[in-house]
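Breakdown of the fold
Here is how the chains run, residue by residue.
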Amino acid sequence: MLEIINLTKRFGGLEALSGLNATVEEGELLGLIGPNGSGKTTLFNCVSGVLPPTEGRIRFMGEDVTGRKPWETARRGIARSYQIVRPFANMTVLENVMAGAFCRESRYSEAQKAAEGILETLGLSEKAPLLAKSLNLGERKKLEIGKALATKPRLLLLDEVMAGLNPSEVAEMAEIVRGLNRGGITVVMIEHIMEAITSLCERLIALNFGKLIKEGPTRQVIRDPSVAEAYFGKGN
Amino acid sequence: MKLTDKPLAATAALRDSIKKTPVMWALALLSLAPPFLTGSRYYQDIMALTLLWAGLSCAWNLYSGYSRRVSIGHAAFLGIGAYTSTLLYLKLGVSPWLGMLAGSAVSALAALLIGGLTLRLKGAFFVLSTIAFAKIMEVAAVTSKGLTGGSQGLTIHYDPSLANMIFASKSSYAALCWLYMMLCLLLCLWLERSRTGLLLTASGENQEAAESLGIHASAVMLAAFVLSAALTSMGGSIYAQYYLFMEPTSLMGLSSSVNFILLAITGGMGTAFGPVLGSMLLTPLSNLLRGGLTRVSGLHGFVLGLALLAVLIFKPDGILPQLRGFAAARLGRGGKRDA
Ligand SMILES: Nc1ncnc2c1ncn2[C@@H]1O[C@H](COP(=O)(O)OP(=O)(O)OP(=O)(O)O)[C@@H](O)[C@H]1O
Ligand SMILES: [Mg+2]
């Protein structure tokens, strides 16, 4: 469904992604791991169109989407959450989700209905009339997903939606992500919390210094010495 | 508040708004009456200006209030409106009613150009570019003496008739200003409950996040900016026909641009009725002070400045949200935003 071909992204002299090749299959729940600064968020930024890649191509559903603007990729069915959540702070929670729903629905009342449905599945219905800035971090992370979901994506890119949550919130978030994937949405999730990754993802891609260092079934990847080395440095 | 799924079609939205803010609706509708109840031209003058500035500030609010991206250059559109209709009237004998539409078209075009260049600028840079735009327009009007009369100004000959948009009675002007205010107000009320308005606010809050949701944020903002400029321009034409005189600096100077903002901020920017309330409080105050505090020149500006500072320090969201919060608390529901 998504093909990343020879993707390179340079920021001045820094190569955040270098010649990356990867594919995402329709319907899978793929984990993207790697130490801080390894280029995970940059990959999401390139795929979603927030940043144009320096070299390489991105194909989505058989179509070349390289360098497309974010609103174009969103309309084609790629949605993302931001690592640092970006709620529309002075709008209500319902309006936040409606902003996403308008991607597919131009009638106000229909968008409102769709948004209410999404808040229901996320357990945020109670918060609908509150301003987004009044939410706590766990709720903000859910809202971030809710906005993305409202665009009715085929591919959902989740950037550390569990970071900073307490264990019960992590478990709840894991259930939400699993539910979305079962509902037919292809998911790629960046995550540092290993328990969440091992319980959710069947396949992982590991990055280091912008290069793919290992990909394959979850167990295999996390036991791989090169992955451990990337995370913890050379064993001594 | 129950989240009903009732269709928010235009009429339903209107009914909804009347139900939610009956006091503000009453205030806006009844504001037509006072100019007809007094015989004093002095008070009629203040009332007409109050209504005109309420409309102008609403027009500003349509873009800057809902997107929270402050334009300090709207006086440029006021000037374009005033000069376009006046020049067409003086040089070609075109009725100011048509001139007003022509001015709107010119302003819309100018907004399209200037917005296309500057709306992508972030925060302070956008604000500065709007100031620069207004300054350029002001200087252009001062220097093109042959056309605009430069800083000597332009005078429109007093020749009252409906076709000339020149009236003998100030109450007729007040009625015209009231119509203008209602037009701007209704557009803002529509925007508040529309897809465009919601997307505009989202785009202004966080452009990148909005774009990731499929919103072409810069196009939404540009559309609102253009509409806001066209509306402001209409007010500019009315302004010219009311004073029958215009001069670049009082029309397009910084203090004129700032007035749009002060009225909206005082009443509550980003709320449809905010600028109306703001103008009803500040325009009369400013005129009465100007009339009363004549001993020391500039004193009325000083007193007004202090009053505004107080609002900004103590009620930075403006007065209307405060009143709403108060009403909500009395009705036993709080912390929510009625759209
Ligand atoms: N817009 C940018 N401009 C310049 N450098 C950037 C930009 N975005 C990312 N980088 C750099 O690119 C590298 C990869 O960053 P990226 O955010 O993709 O890492 P990450 O894998 O998501 O890390 P983390 O786990 O900390 O979120 C880092 O060195 C970062 O400083
Ligand atoms: Mg990251």
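If you're wondering where the values come from, they're calculated on a predicted model, not measured in any experiment.

Attention now goes to the overall build of chain A. The helix and strand inventory of chain A stands at nine helices and ten strands. The C-alpha atoms of chain A give a radius of gyration of 18 Å, which matches the 18 Å a tight globule of 236 residues would have. Seen through its C-alpha atoms, chain A measures out along the principal axes to roughly 55 × 40 × 30 Å. The proportion of buried residues among the 236 residues of chain A is 56%.

Mapped onto the fold, Arg219 of chain A is located in helix α8 (residues 218-223). Residues Arg219 of chain A and Thr198 of chain A lie 21 residues apart in sequence; the distance between their C-alpha atoms is 7.5 Å.

The expected angle between donors at a tetrahedral four-coordinate metal is 109.5 degrees. At an octahedral six-coordinate metal it is 90 or 180 degrees. Within the protein, the magnesium ion (ligand 2) binds to Thr41 of chain A (OG1) and Gln83 of chain A (OE1); these donor distances fall in the range 1.9 to 2.2 Å. With Thr41 of chain A in helix α1 (residues 40-48) and Gln83 of chain A in the loop between β6 (78-80) and α3 (93-101), the pair connects residues that are 42 residues apart, well separated along the chain.

To continue, consider the interface of chain A and chain B. Each side of the interface is counted separately: chain A has 35 residues, and chain B has 30 residues. Taken together, the two surfaces of chain A and chain B that pack against each other cover about 2800 Å², and 64% of this comes from carbon and sulfur. If you sort the residues of chain A by the area they bury against chain B, Trp71, Phe88 and Tyr108 of chain A come out on top, with a joint share of 23%. Counting across the interface, chain A meets chain B through one salt bridge. Put simply, chain A and chain B have seven residue pairs in polar contact (both at pLDDT 80 or more) between them. Contributions of two or more residues to the side of chain A that touches chain B are made by α2 (70-76), α3, α4 (108-122) and α5 (137-150) of chain A. Ranked by residue count, the leading element in the side of chain A that touches chain B is α3 of chain A, at six residues. For the side of chain A that touches chain B, the class distribution of residues is 19 nonpolar, eight polar and eight charged.

We now examine the pattern of salt bridges. Residue and element names in this part refer to chain A. Scanning the entire structure with this criterion turns up 17 salt bridges over all chains. Close ionic contact of Arg57 with Asp64 constitutes a salt bridge, the shortest N to O distance being 2.7 Å. Residue classification places Arg57 among the partly exposed positions, given a relative accessible area of 43%. For Asp64, a relative accessible area of 29% corresponds to the partly exposed category. Here Lys127 makes a salt bridge to Glu139, at a shortest N to O gap of 3.3 Å. Of this pair, Lys127 sits in the loop between α4 and α5 while Glu139 sits in helix α5; the two residues are twelve residues apart in sequence, bridging distant segments of the chain. Overall, the relative accessible area of 26% leaves Lys127 in the partly exposed class.

Residue and element names in this part refer to chain A. If you walk across this open sheet you meet the six strands as β6-β7-β8-β3-β9-β10, and the pairing is mixed. This sheet does not close on itself; its edge strands, each paired only once, are β6 and β10 (211-217). Taking the axes of each pair of neighbouring strands and ignoring which way they run, one obtains an average angle of 20 degrees across the sheet. In terms of strand pairing, strand β3 (residues 29-33) meets strand β9 (residues 203-208) through four bridges, oriented parallel. In the sheet register, Leu32 faces β9, and the bridge partner there is Ile205.

Now for the sheet that holds strand β5 (residues 63-64) of chain A. Working definition: the strands of a sheet are paired by backbone hydrogen bonds and lie parallel or antiparallel to each other. Residues and elements named next belong to chain A. Taken in spatial order, the four strands make up an open sheet running β2-β1-β4-β5, and their pairing is antiparallel. Every other strand in the sheet has two partners, leaving β2 (14-24) and β5 as the edge strands with one partner each. Where strand β1 (residues 2-11) lies against strand β4 (residues 55-60), five bridges are found, and the strand directions are antiparallel. The residue of β4 that forms the bridge with Ile4 is Ile58.

In terms of nonpolar packing, the biggest core is built from 146 residues, with Leu156, Met162 and Met189 of chain A together with Leu185 of chain B touching the most fellow members. Top element by residues in this core is helix α12 (residues 217-243) of chain B. It accounts for 15 residues. The residues contacting Leu156 of chain A, other than those within four sequence positions of it, are Ala79, Ala148, Leu149, Leu180, Ile185, Thr186, Val187 and Val188 of chain A. Among the nonpolar cores identified, the runner-up in size contains 24 residues, and Leu7, Val24, Phe60 and Val65 of chain A belong to it.

Below, the discussion takes up the pairing of β2 of chain A. Within a regular strand, side chains alternate between the sheet's two faces. Taken together, the seven bridges between β1 of chain A and β2 of chain A define a ladder with antiparallel strand orientation. Following the sheet pairing, Arg10 of chain A is matched in β2 of chain A by Glu15 of chain A.

Right, let's talk about the site of ligand 1 for a bit. Residues and elements named next belong to chain A. Residues in contact with ligand 1 amount to 14 residues; listed here are only the nearest, Gly37, Lys40, Thr41, Thr42 and Gln83. Within the contact set of ligand 1, an oxygen atom lies 3.0 Å away from a backbone nitrogen or oxygen of Gly39. His192 is positioned such that a nitrogen or oxygen atom in its side chain is 3.2 Å from an oxygen atom of ligand 1. Within the complex, the protein chains bury 63% of what would otherwise be the 640 Å² of accessible surface of ligand 1. Elements represented by at least two residues in the shell around ligand 1 include exactly β2 and α1. Of the residues assigned to the shell around ligand 1, the class counts are four nonpolar, eight polar and two charged.

Calculation rules
Along each chain, residue indices are assigned from 1 in the same order as the chain's sequence is written. Key to labels: chains lettered from A, ligands numbered from 1, both in the order written. Local features are withheld for residues below a pLDDT of 70 in this predicted model, meaning they are given only at 70 or higher, and side-chain atom pairs are given and counted only at 80 or more; totals for whole chains, interfaces and linings count all residues. With hydrogens and water stripped out, all remaining heavy atoms of the structure feed into the side-chain values. Each helix is a run of H or I in the DSSP string that is no shorter than four residues. Each strand is a run of E no shorter than two, and both are numbered from the N terminus. Between the two quantities, the radius of gyration covers C-alpha atoms and the globule rule is 2.2 Å times the number of residues to the power 0.38. Exposure categories follow from relative accessible area, calculated using a 1.4 Å probe and restricted to protein chains: below 20% of the type maximum is buried, above 50% is exposed, and the middle band is partly exposed. Sites may look incomplete, because water is not among the atoms used; the donor set itself consists of N, O and S atoms within 2.8 Å of the metal (3.2 Å for Na, K and Ca). Residues are treated as being in contact if the distance between any of their heavy atoms lies within 4.5 Å. Buried area: the sum, over both parts, of the accessible surface (1.4 Å probe) that disappears when the two are put together. Here, a salt bridge means any side-chain nitrogen of Lys or Arg that lies within 4 Å of a carboxyl oxygen of Asp or Glu. Here a polar contact means two N or O atoms within 3.5 Å. Within protein one must be a hydrogen donor candidate and the other an acceptor candidate, and residues neighboring in sequence count only if both atoms are side-chain atoms. Residues are grouped as follows: nonpolar covers Ala, Val, Leu, Ile, Met, Phe, Trp, Tyr, Cys and Pro; charged covers Asp, Glu, Lys and Arg; every other residue, Gly included, is treated as polar. Should DSSP find at least two bridges between two strands, the strands are taken to pair. Orientation is described by lines fitted to C-alpha atoms, with helices fitted over the stretch in contact, and by angles between N-to-C directions that extend from 0 to 180 degrees. As used here, the term nonpolar core means buried Ala, Val, Leu, Ile, Met, Phe, Trp, Tyr and Cys residues forming a set that is joined through side-chain atoms within 4.5 Å. Nearness here has a simple test: a residue counts as near a molecule or strand if at least one of its heavy atoms is within 4 Å of that partner. Computed by Shrake-Rupley with a 1.4 Å probe, the accessible areas treat only the displayed protein chains as cover when residues are assessed.

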